[in-house]
Amino acid sequence: MQLRYSFRLYPNTAQRTALARAFGCARVVYNDALRARETARSQGLPFPKTGDLSKALITEAKKRPERAWLGEVSAVVLQQSLRDLDAAYRNFFDALKGKRPRVGAPRYKSRKDTRQAVRFTANARWSITAGGKLRLPKIGDLKVKWSRTLPSTPSTVSVVKDSAGRYFASFVVETGTSEVLPKATPELGIDLGLGHFAVLSDGRKVDSPRFLRRAEKRLKKAQRALSRKERGSQNRDKARIRVARAHVRVADARREFHHRLSTKLIVENQAVAVEDLAVKGLARTRLAKSVHDAGWSAFVTMLEYKAARYGRTFVKIGRFEPTSQVCSRCGVKDGPKPLHVREWICGACGAVLDRDINAAVNVATAAGLAVTARGAQVGRGPVPAQRGEAGTRPEPHPTTVRQTGIALL
């Protein structure tokens, strides 16, 4: 399978100027090609092919004075910009045919876009020097912060500038069967939620870090300062970058948490099952901010590709499975329960069940995994009184896990 590895770049002033030139030239070629195809469509002419656009908008355009500066960047960057436009059209047409989720038609790129990217393939003859720098044609040797080793020789590299002004080198690499892990015995069901980020079928509960909630005060201050700056001024641009950096800190912390937890669960268990949550629907409710803060979709995506990478089994059950209505002990369904009911007694077998752990066990059962409610509150006895749900409690530390002692590796 193909994986993408990203590393931080630290270009100097001259290299930043060269990268800005590459971003601009790739954007111009993309917009010229889009304009040519839209003009042909409006006039009822045949759809221009990529080869014809490459000859007219790159090869011939370099000979004209108004586009002579296209020769200052690598031709591979410009060719890849045309490929990006082809991919955008292909996704749009596939969406119209129902082959993929709905996406809009290709749009023109703006120089004011906060994210810029260019791509170099093997034809560009880019390389990694003996000193560990990334050598790019007509840009130079860029300093790279290597945080890990690439598993194989990369086929392409993309240079990305994000909204916070940071530069990254993104490599595409192929992984082989050497990364498949030895078989493990445990099989796990996961119930995702807001009170706890994840409740596992073996009784463990992972607290929700709430990265966005904990950063709201800092974000509010930065956004208020941005709103007071005059539009078009340099001070406003500086304030915009400060807001963007505050947001990327939250996003990076959330992504790191997802990676650590998903890797740990995949390594420890042979099979993992989750519920297919209606995230888009939940994001339109009053819980929208908390739903986005949790990032369930990104976490489930990580579980899925890491299971394929390491030779594990990943199962996603339907969202209409009555996981909170069925007793995981005897299998009797006794109907829906209000959200404030966190523990309940099964009317058939008398087992005392924790709502979330019971749901996690049922997720695993629905996926066909052989799990039991290890560590869950299962047994006959009175239901303990609930603590006040509206009390003021300190926010949990992002790396702590309630009732478990899981160390996020």
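On a predicted model such as this, the values are computed, not experimentally measured, just so you know.

Colleague: How should the overall build of the chain be read in this particular structure?
Modeller: On a plain count of helices and strands, the chain comes out with nine helices and 14 strands. Referenced to the eigenvectors of the C-alpha coordinate spread, the extents of the chain come out at roughly 85 × 55 × 50 Å. Out of the 409 residues belonging to the chain, those deemed buried represent 43%. Considering only contacts within the chain whose residues lie at least 6 apart along the sequence, 68% involve residues at least 24 apart. Working note: accessible area of the chain is about 23000 Å², and carbon and sulfur atoms make up 51% of it. Taking the average location of the 78 positive side-chain charges in the chain and that of its 35 negative ones, the two points are 5 Å from each other.

Colleague: Any chance you could explain the pairing of strand β11 (residues 271-275) here in plain terms?
Modeller: Along a regular strand, successive side chains alternate from one face of the sheet to the other. Within β11, five of the five residues are buried, which leaves the element mostly enclosed by the surrounding structure. By the alternation rule, side chains of β11 split into A271, A273 and E275 and V272 and V274, which are all buried. Pairing between strand β8 (residues 187-192) and β11: three bridges, direction parallel. Counted as the bridge partner of L188 is V272 from β11. Both β11 and strand β12 (residues 313-317) contribute to a ladder of five bridges, which runs parallel. When the sheet's bridge partners are listed, A271 is paired in β12 with T313.

Colleague: Whenever I open this one, the nonpolar core confuses me. Can you help?
Modeller: Across soluble globular proteins, you tend to see nonpolar side chains buried next to one another. Ranked by size, the top nonpolar core spans 42 residues in total, and within it F120, L134 and L136 carry the most contacts. At 10 residues, the largest contribution of residues to this core is made by helix α1 (residues 13-42). Not counting the four nearest positions on each side in its chain, L134 is found in contact with L9, W126, S127, I128, G140, D141, L142, V144, V157, A169 and F171. If you look at the next biggest cluster of nonpolar residues, it comprises 29 residues, including L192, F197, F211 and L265.

Colleague: Explain a positive patch on the surface to me, please; I cannot follow it from the model alone.
Modeller: A cluster of basic residues, R214, R218, R245 and R249, forms a positive patch on the protein surface. For the positive patch, the elements supplying multiple residues, two or more each, are α4 (211-227) and α5 (234-268). In this structure, R218 sits in helix α4. A relative accessible area of 43% means that R218 is categorised as partly exposed.

Colleague: Help me understand the packing of aromatic side chains, please; the structure alone is not making it clear to me.
Modeller: Centre distance and the angle of the planes are the two values used to describe a pair of aromatic rings. Applying the stated criterion across every chain yields a total of 10 aromatic pairs. A ring pair is formed by W126 and F171, whose centres lie 5.8 Å apart and whose planes are at 45 degrees; its orientation type is tilted. Taken together, the residues W126 in the loop between β2 (116-120) and β3 (127-128) and F171 in strand β7 (residues 167-174) connect sequence positions 45 residues apart. F171 shares its class with W126; the two are buried. An aromatic cluster of three or more residues is present, and its members are F7, W126, W146 and F171. Directly above the aromatic system of F168 lies the positively charged group of R8, at a separation of 5.8 Å from the ring centroid. Lying across the ring of Y30, K109 places its NZ or CZ 4.3 Å from the centre.

Colleague: I tried to follow the sheet that holds strand β1 (residues 2-10) on my own but got confused; where do I start?
Modeller: Two orientations exist for strands paired in a sheet by backbone hydrogen bonds: parallel and antiparallel. The sheet built from seven strands is open, its strands ordered β2-β6-β7-β1-β5-β4-β3 with antiparallel pairing. The open sheet has two edge strands with one neighbour each: β2 and β3. In this fold α1 packs onto β1, β2, β5 (140-145), β6 (156-161) and β7, with an angle of close to 90 degrees to the strand it touches most, β2.

Colleague: Whenever I open this one, the confidence of the model for the chain confuses me. Can you help?
Modeller: When pLDDT drops low, the exact placement of atoms in the prediction is not to be read closely. In this model, the chain carries a mean pLDDT of 86, and residues with pLDDT of at least 70 account for 90%. Counting contacts from residues 372-409, a segment whose pLDDT is below 50, to residues more than four positions away or on other chains yields 70 contacts.

Colleague: What should I look at first to understand the pattern of salt bridges in this one?
Modeller: A side chain with one charge can pair with a side chain of the opposite charge if their charged atoms come near. Summed over all chains, the structure comprises 22 salt bridges. When the shortest N-O distance is used, the salt bridge between R41 and E38 registers 3.1 Å. A residue pair is termed a helical-turn pair when its members lie 3 or 4 positions apart in one helix, as R41 and E38 do in helix α1 at three residues. With relative accessibility at 26%, the residue E38 sits in the partly exposed group. For R319, the salt bridge is made with D276, and the minimal N-O distance between the two is 3.4 Å. Separated by 43 residues along the polypeptide, R319 in the loop between β12 and β13 (343-345) and D276 in the loop between β11 and α6 (279-282) bring together distant segments of the chain.

Colleague: Would you mind going over the sheet that holds strand β10 (residues 205-207) with me for this structure?
Modeller: The five strands lie next to each other as β10-β9-β8-β11-β12, forming an open sheet whose pairing is mixed. On the outer flanks of this sheet lie β10 and β12, each paired with one strand and no other. Each strand axis lies, on average, 20 degrees off the axis of its neighbour in the sheet, ignoring direction. Against the sheet, α5 touches β8, β9 (196-200), β10 and β11, its axis set at about 0 degrees to β9. Most of the contacts of helix α9 (residues 355-366) go to β8, to which it runs at about 125 degrees, and overall it touches β8, β9, β10, β11 and β12.

Colleague: What am I meant to see in a nonpolar patch on the surface here?
Modeller: On the surface, F47, F93 and L96 cluster together into a nonpolar patch covering about 300 Å² of accessible area. Along the polypeptide, F47 turns up in the loop between α1 and α2 (50-59).

Colleague: Just checking my understanding: could you explain the side chain of S81 for this structure?
Modeller: Within the secondary structure, S81 sits in helix α3 (residues 75-96). With a relative accessible area of 4%, S81 lands in the buried category. With sequence-adjacent residues up to four places away left out, S81 is seen in contact with A26, V29 and Y30.

Conventions adopted
- Residues numbered from 1 in each chain as written.
- Predicted model: local features only at pLDDT ≥ 70, side-chain atom pairs only at ≥ 80, totals over all residues.
- Heavy atoms only, no water.
- Helix = DSSP H or I, 4+ residues; strand = E, 2+ residues; numbered from the N terminus.
- Buried < 20%, exposed > 50% of the residue type's maximum accessible area, 1.4 Å probe, protein only.
- Contact = heavy atoms within 4.5 Å.
- Areas by Shrake-Rupley, 256 points an atom, 1.4 Å probe, with all protein chains shown as cover.
- Lys, Arg positive; Asp, Glu negative; His and termini not counted.
- Charge placed at Lys NZ, Arg CZ, Asp CG, Glu CD.
- Pairing = 2+ DSSP bridges.
- Core = buried A, V, L, I, M, F, W, Y, C linked by side-chain atoms within 4.5 Å.
- Patch = residues over 30% accessible without salt bridge, like charges linked within 9 Å, V, L, I, M, F, W, Y side chains within 5 Å.
- Salt bridge = Lys/Arg side-chain N within 4 Å of Asp/Glu carboxyl O.
- Phe/Tyr/Trp six-rings, centres within 6.5 Å; stacked < 30°, edge-to-face > 60°.
- Lys NZ or Arg CZ within 6 Å of the ring centre and 35° of its normal.
- Axes fitted to C-alpha atoms, helices over the stretch in contact; angles between N-to-C directions.
- pLDDT = per-residue confidence, 0-100.

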